[in-house]
Amino acid sequence: EDAPIIIISAHLDGYDISPSASDNMTGICCMLEMLNALAPFEEQFKRRLRVIAFTGEELGFLGSRAYVEQHVDEHDDIMFQFNMDTVFDQTAKGVAMFWCRPAIAYMQSLLVDADRPVTVVDMLGMSSDYVPFELQGIPTARPAMLSGAFPTYHHTPGDTVDKVQPEEIKRNAMGFAQMILRLLLTDEPFPATRLTRDEIIAEMHRWHCYEQWQSCGYLSMLREQ
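Report follows, based on the coordinates. (Residues numbered from 1 in each chain as written. Predicted model: local features only at pLDDT ≥ 70, side-chain atom pairs only at ≥ 80, totals over all residues. Heavy atoms only, no water.)

Turning next to the overall build of the protein. Counting secondary structure elements, the protein contains seven helices and six strands. Each helix and strand of the protein, placed in order from N terminus to C terminus, yields the pattern β-α-β-α-β-β-α-β-α-β-α-α-α. Across its three principal directions, the C-alpha atoms of the protein cover 50 × 45 × 30 Å. A buried classification covers 51% of the 225 residues belonging to the protein. (Helix = DSSP H or I, 4+ residues; strand = E, 2+ residues; numbered from the N terminus. Buried < 20%, exposed > 50% of the residue type's maximum accessible area, 1.4 Å probe, protein only.)

Turning next to the pattern of salt bridges. Should the charged atoms of two oppositely charged side chains come close, the side chains can pair. Applying the stated criterion across every chain yields a total of nine salt bridges. Between Arg65 and Glu69 there is a salt bridge; the shortest N-O distance is 3.5 Å. In this pair, Arg65 and Glu69 both sit in helix α2 (residues 62-70), four residues apart, roughly one turn of the helix. With a closest N to O distance of 2.9 Å, Asp122 and Arg206 form a salt bridge. With Asp122 in strand β5 (residues 119-122) and Arg206 in helix α6 (residues 197-206), this pair connects stretches of sequence that are 84 residues apart. (Salt bridge = Lys/Arg side-chain N within 4 Å of Asp/Glu carboxyl O.)

Now for empty space enclosed by the protein. This structure, assessed with the given rule, holds one cavity of 30 Å³ or more. Approximately 40 Å³ is the volume attributed to the largest cavity. Lining the largest cavity are Ala92, Ala114, Asp115, Arg116, Val118, Arg171, Asn172, Gly175 and Phe176. The residue inventory of the lining of the largest cavity, partitioned by class, reads four nonpolar, two polar and three charged. (1 Å grid on protein atoms, 1.4 Å probe; cavity = no way out; pocket = protein on both sides within 12 Å on 5 of 7 lines; lining within 4 Å. Points joined across faces, edges and corners; volume = space filled by probe spheres on them. Nonpolar A, V, L, I, M, F, W, Y, C, P; charged D, E, K, R; others polar.)

Within the secondary structure layout, Arg223 lies in the segment after α7 (210-215). An unpaired buried charge is present at Arg223: no salt bridge exists, and Asp76, the closest side chain of opposite charge, is 4.5 Å distant. Of the polar contacts made by the side chain of Arg223, one reaches the backbone oxygen of Leu195; its length is 2.5 Å. Apart from residues no more than four positions distant in its own chain, Arg223 is found in contact with Asp76, Leu135, Gln136, Arg194, Leu195, Thr196, Arg197 and Ile200. (Lys, Arg positive; Asp, Glu negative; His and termini not counted. Polar contact = N/O pair within 3.5 Å; in protein donor to acceptor, adjacent residues only side chain to side chain. Contact = heavy atoms within 4.5 Å.)

A few words now on the packing of helix α1 (residues 21-38) against helix α5 (residues 166-184). For the pair α1 and α5, the least separation of the axes is 8 Å and the interaxial angle reads 50 degrees. Between α1 and α5, the angle falls in the class oblique. Like other packed secondary-structure pairs, α1 and α5 cross with a definite hand, here right-handed. Contacts from Thr26, Cys29, Cys30, Glu33, Met34, Ala37 and Leu38 of α1 reach α5 at Ile169, Asn172, Ala173, Met174, Phe176, Ala177, Ile180, Leu181 and Leu184. Taken together, the residues of the contact of α1 with α5 break down into 13 nonpolar, two polar and one charged. (Axes fitted to C-alpha atoms, helices over the stretch in contact; angles between N-to-C directions. Parallel < 35°, antiparallel > 145°, perpendicular 65-115°, else oblique. Left-handed = near helix turned anticlockwise from the far one by under 90°.)

In space, the six strands of this open sheet follow the order β2-β1-β3-β6-β4-β5, with mixed pairing throughout. In this open sheet, the two edge strands, each paired with only one partner strand, are β2 (48-54) and β5. On average, each strand axis in the sheet is inclined to that of its neighbour by 20 degrees, with strand direction left out of account. Bridge count between strand β4 (residues 94-98) and strand β6 (residues 140-143): four bridges; the pairing is antiparallel. The partner of Phe98 across the bridge, within β6, is Thr140. Lying over the sheet, α5 contacts β1 (5-11), β2, β3 (78-84), β4 and β6, oriented at roughly 175 degrees with respect to β3. (Pairing = 2+ DSSP bridges.)

A word on the nonpolar core. Among the nonpolar cores identified, the biggest contains 39 residues, and Phe80, Met107 and Ile180 are the most heavily contacted of them. Counting residues per element, the ones that place at least two in this core are β1, α1, β3, β4, α3 (104-109) and α5. Other than its neighbours up to four places away in sequence, Phe80 contacts Ile5, Ile6, Ile7, Met97, Met107, Pro139, Thr140, Ala141, Ile180, Leu183 and Phe190. Core analysis: the second largest hydrophobic core is formed by 19 residues, Phe61, Leu135, Ala144 and Trp213 among them. (Core = buried A, V, L, I, M, F, W, Y, C linked by side-chain atoms within 4.5 Å.)

Quick look at the structure:
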């Protein structure tokens, strides 16, 4: 019960009039496939795993924000959050890490046996359910599109299920389930730790985005000292 917590998350809601097959049915399906892959190893876990389907992501991260607000006493226990939001062929090739530069090389080592090359990079993210966790200084990440662009039908009425390729969901799920499993099966210290408020603000300035976060109203979620 005292072990660090790893969270896998995705969001259930869709954008306005979009059927939302890619955003975010793909993320939910990928999360469930990851859970299917991880379940046989549950008795060997050395860390706690939480799998969460949030709502209200498209309305300003309402579900994940509420979760963070209601679990203040656990913030120091959350070692890492991995958020699945719109997965397709390109996202299986990358992991974007937020607030956890010391863990980049470590996370890359967890993916050496993936069935295709996966690149782990340091990035700034401010567009999904990892944001409320970021603003508490908690290390977070997501599958990342490191080249190309989102599908043109993203957030439109054209985001229909016929455009979703099950093999692409599977490719994401199996690669990232392997990464998470290796985190669950070891009690080796995670290289990145929770940031203080001052460190979070320093990261915002490093990415030259403090004013943007402020204008979006995100700073109201910023970690207390």
